[in-house]
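# Coordinates in review
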Amino acid sequence: VQLQAYGGGLVQAGGSLRLSCAASEGTLRGYSVGWFRQAPGKEREFVAAFHRSVGNTYYADSVKGRFTISSDSAKKMVYLQMNNLKTDDTANYYCAASTSIILSQLNNQFSWRNWGQGTLVTVSS
């Protein structure tokens, strides 16, 4: 599946943004979906994910309580609602999908099969 991520932009610290991830064809039904981010000069890091077989959502400690991953009922879109943004959240954000990733590997970028292009989030102080 090809993915498209969008919704990034410039926001002040304390503000909110909602990122969207869509499959270019069809839906994301049957896929585990995750969000990662990469700040300049840093490694890509896990942000949030849900597994297709488990009803739970998973978050990095740095975003827990501020970010929420969700999908629409038709499984065409996956969202990352980001609240109380901090300057440290500035990064390119990527969505990823996989039908075969196992639960213990959700936070491992190398375990995801399909990636969208990044969308830039810039949080100003």
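For every chain, the first residue of the written sequence is number 1, and numbering continues from 1 onward in sequence order. Selection of residues for local features in this predicted model requires a pLDDT of at least 70, selection of side-chain atom pairs for listing and counting requires 80 or more, and totals for whole chains, interfaces and linings are taken over all residues. The side-chain numbers reported here are obtained from all heavy atoms of the structure, hydrogens and water having been left aside.

## Some points on the layout of surface pockets
Keep this limit in mind: A cavity here means a set of points on a 1 Å grid, drawn over the protein atoms and nothing else, where a 1.4 Å probe fits but cannot get out; a pocket is an open set with protein on both sides within 12 Å along at least five of seven lines, and a residue lines either one if it has an atom within 4 Å of a point. Grid points are joined across faces, edges and corners, and a volume is the space filled by probe spheres set on the points.
Put simply, the largest pocket is a space of about 150 Å³. Contributing to the lining of the largest pocket are 14 residues, with Tyr31, Phe50, Arg52, Ser71 and Lys75 lying nearest its centre.

## Some words on the sheet that holds strand S3 (residues 17–23)
What links the strands of a sheet is backbone hydrogen bonding, and the strands pair in either a parallel or an antiparallel sense. Note the threshold: Paired strands, in this sense, are two strands between which DSSP finds at least two bridges. What counts as a helix is a DSSP run of H or I of at least four residues, what counts as a strand is a run of E of at least two, and both are numbered from the N terminus. Every axis corresponds to a line fitted to the C-alpha atoms, with the helix fit spanning only the stretch in contact, and the corresponding angles, defined between N-to-C directions, vary from 0 to 180 degrees.
The strand order across the open sheet built from four strands is S1-S3-S8-S7, with neighbouring strands paired in antiparallel fashion. The open sheet terminates on both sides in strands that have one partner only, identified here as strand S1 (3–6) and strand S7 (67–71). Pairwise comparison of adjacent strand axes, ignoring direction, gives a mean angle of 15 degrees for this sheet.

## Remarks on unusual backbone geometry
What is expected of a backbone is that most residues other than glycine have negative phi and most peptide bonds are trans. A positive phi angle, close to 60 degrees, is found at Lys75, a residue other than glycine. Here Lys75 is to be found in the loop between S7 and strand S8 (77–82).

## Considering the pairing of strand S5 (residues 45–50)
Moving residue by residue along a regular strand, the side chains alternate between the two faces of the sheet. Heads up, the rule is: Working definition: with a 1.4 Å probe on protein chains only, accessible area under 20% of the residue-type maximum means buried, over 50% means exposed, and in between means partly exposed.
Buried residues dominate S5, accounting for five of its six residues. Pairing geometry for strand S4 (residues 32–38) and S5, over five bridges, is antiparallel. Within S5, the residue paired with Arg37 across the bridge is Glu45. Connecting the antiparallel pair S4 and S5 is a turn made up of six residues, with Gly41 showing a positive phi of about 80 degrees.

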